[in-house]
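Structural description and commentary
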Amino acid sequence: MIRCEKLKLPLSSSGAFYNICFVTSQTQSCAQCLLRKALKSCHGRKKAVRAQKCFPPSSRHHVYDSRGCVVTAAGRRRLCPLAPARHRQQQDLISTVKMELDIQCEEMSPSRWAELLTTMKSCKTIRLDDCNLSSSNCEDLSSIINTNPSLTELKLNNNELGDAGVEYLCKGLLTPSCSLQKLWLQNCNLTSASCETLRSVLSAQPSLTELHVGDNKLGTAGVKVLCQGIMNPSCKLQKLQLEYCELTADIVEALNAALQSKPTLKELSLSNNTLGDTAVKQLCRGLVEASCNLELLHLENCGITSDSCMEISAVLRNKSSLMDLSVGDNKIGDSGLALLCQGMMHPSCKIQKLWLWDCDLTSASCKDLSRLISTKETLTEISLIDNNLRDSGMEMLCQALKDPKSKLQELWVRECGLTTACCKAVSSALSTNKHLKVLHIGENKLGDAGVELLCEGLMHPNCNIQSLWLGNCDLTAGCCATLATVMATKQCLTELDLSYNPLDDEGIRKICEALKKPSCNVQQLILYDILWSSEVDDELRALEESNPEVKIIS
């Protein structure tokens, strides 16, 4: 069974602490490595909490890749046990067959690095996130880029490469034999000094279509230099990720110039930069005029208020290519949401994913949201996490979900002030809507009675829920028998989160009995911060050993 421990790490001189969960290591050296990586990756309490809210369940909670590494907030694999040697060798062999090398959270000894270099010479994809790489490794990687024309993706996130390391990489990227398409350098301790060399690559390497350089202190001056490279006619960039790059409002003029000159650009992420309303308005006016067919625009935590929403709405109306919009962690309020909905309701708008977490929305917004959900058939995913919607707002959303035109597949209403009172409406929506696959309704005071009502809807033949999140919902063992029935009956259900609920031994045993049944198809059961006895712990371990397809994460 996968176990998590917690450490309290100091994050500021004020004495604030943040709990970091990590998997118990098999060796002390691994634990030290993991702690160092956690400290390097965690930029502060607000950022950590923000990441927990805004990213999907698969990245907010610990999810395990093929090597047993933990994927945490923002998709980072920063806290994990070292895989046993035999398992590692098996995985490397599989990766080699697929022409992919995918390793995370591994300390690279000289012998191990030499072994991997041989493998890299024939790989199409190389992913080495959080492997304690430095500029010296980049010299070797530059040679690989130069001599391996089949290499199309290089991912080096969360390594201390520094500007010197990027300079080495760019020497390989500038060679005529290079065919790299995707380059990931997030959280690599880069500064504006790296931008000049990256500009040269953008200008000279038409194969490069994705550049991910978030979580680096590039600054406005550095990104302006990158924009010069993007404006080069040879540049064919499609995706640009600049989150947490310490950008200010002054960057917008350069971005707009790049957008005007680059019809290939499809994805732009500027989240977590202090842009403000004036800059966002200017950016949106540029997007409306630009020839690019933008598909994704992320502006989370950019200091946006309702003042910017008219311009964002104009982008939604005029850019039918835009399918993914995220403005989470901006105080747009009900009035701003109403303006956004005007743009999204336009016939030309084809929005699919809408992220509105922590936007100061109330139940008053739910009338506009309900109309959107019930009429915009392209909309498949919406996040309303940490908005004070209350039961009355949720009931309006549920009524919209029952509309035959609603095609929503994912609804995230975590921490929205919901209680048992709205659960009958949710149950009715579940029994009517055949499209909903993911319901994230944790951190609401639903109680056992509320979950009993939800289960009535879950058991309906029309319900096709695959992922259900009920963490911290004031549940006890009293509702576990009904949940167990759902688990054993609904084969579509593959993921269930019951974390932070006092289920005790009685409740956990009922859930385990359901997992043992052949009809149960739950593959991931998440049970953070639930106390149970050593006897139950042994039962859980035995259950996982007997059914390796099931992951019990606690």
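The rules behind each value
- Residues numbered from 1 in each chain as written.
- Predicted model: local features only at pLDDT ≥ 70, side-chain atom pairs only at ≥ 80, totals over all residues.
- Heavy atoms only, no water.
- Helix = DSSP H or I, 4+ residues; strand = E, 2+ residues; numbered from the N terminus.
- Buried < 20%, exposed > 50% of the residue type's maximum accessible area, 1.4 Å probe, protein only.
- Contact = heavy atoms within 4.5 Å.
- Areas by Shrake-Rupley, 256 points an atom, 1.4 Å probe, with all protein chains shown as cover.
- Phe/Tyr/Trp six-rings, centres within 6.5 Å; stacked < 30°, edge-to-face > 60°.
- Core = buried A, V, L, I, M, F, W, Y, C linked by side-chain atoms within 4.5 Å.
- Axes fitted to C-alpha atoms, helices over the stretch in contact; angles between N-to-C directions.
- Parallel < 35°, antiparallel > 145°, perpendicular 65-115°, else oblique.
- Left-handed = near helix turned anticlockwise from the far one by under 90°.
- Nonpolar A, V, L, I, M, F, W, Y, C, P; charged D, E, K, R; others polar.
- Salt bridge = Lys/Arg side-chain N within 4 Å of Asp/Glu carboxyl O.
- Expected span 1.5 Å × (residues − 1).
- Arc of directions from axis to C-beta.

Secondary structure summary: the chain contains 20 helices and 21 strands in total. Out of the 554 residues belonging to the chain, those deemed buried represent 57%. For the chain, restricting intrachain contacts to residue pairs at least 6 apart in sequence, the fraction spanning at least 24 positions comes to 83%. For the chain, the accessible area works out to roughly 21500 Å², and carbon and sulfur atoms hold 50% of it.

Before going further, it helps to spend a moment on the packing of aromatic side chains. For the structure shown, the criterion picks out 2 aromatic pairs. Plain terms: the ring middles of Y500 and Y528 are 6.4 Å apart, the flat faces sit at 35° to each other, and that makes the pair tilted. Here Y500 is found in the loop between β19 (495–497) and α19 (504–516), whereas its partner Y528 is found in the loop between β20 (524–526) and α20 (534–546), with 28 residues between them in sequence.

M120, L128, L185, L242, L356, L470 and L498 are the most contacted members of the largest nonpolar core, which has 154 residues in total. Ignoring sequence-local partners within four residues, the contact set of L470 consists of I441, G442, L446, V451, L454, L475, L483, D497, L498, S499 and N501. Counting 5 residues, the second-largest nonpolar core is a separate cluster that includes W355, W357, W412 and V438.

Right, let's talk about unusual backbone geometry for a bit. Here E443, not a glycine, exhibits a phi torsion of approximately 55°, which is positive. Residue position: E443 is located in the loop between β17 (438–440) and α17 (447–458). Judged by relative accessible area, E443 falls into the partly exposed class, the value being 30%. One non-glycine residue, Y500, lies in the positive phi region at around 60°. What makes Y500 partly exposed here is its relative accessible area of 35%.

This part is about the packing of helix α18 (residues 480–489) against α19. Packing of α18 against α19 leaves a shortest axis separation of 8 Å and a crossing angle of 15°. With respect to their mutual orientation, α18 and α19 come out roughly parallel. As for the relative orientation of α18 and α19, their crossing is right-handed in sense. Contacts from C480, A481, L483, A484 and M487 in α18 reach G507, K510, I511, A514 and L515 in α19. Classifying every residue of the contact of α18 with α19 gives 8 nonpolar, 1 polar and 1 charged.

Going through the model one piece at a time under the given rule, you end up with 20 salt bridges. Note that E100 is salt-bridged to R127, the shortest N-O span being 3.7 Å. Within this pair, whereas E100 is found in strand β5 (residues 100–102), its partner R127 is found in strand β6 (residues 125–127), the two being separated by 27 residues in sequence. Across the pair K331 and D360 runs a salt bridge whose closest N-O atoms are separated by 3.9 Å. Here D360 lies in the loop between β14 (353–355) and α14 (366–375) and K331 lies in the loop between β13 (324–326) and α13 (333–344), a separation of 29 residues in the sequence. Several salt bridges converge on common partners, so that one network encompasses E100, D102, R127 and E153.

Bringing α19 into the picture now. Helix length check: α19 (13 residues) gives 19 Å between terminal C-alpha atoms against 18 Å at 1.5 Å per residue, within 8%. Listed as buried for α19 are G507, I508, I511, C512, A514 and L515. End-on, the buried residues of α19 take up no more than an arc of 155°, which puts them together on one face. In the core, the buried residues of α19 are packed alongside α18, β20, α20 and β21 (551–553).

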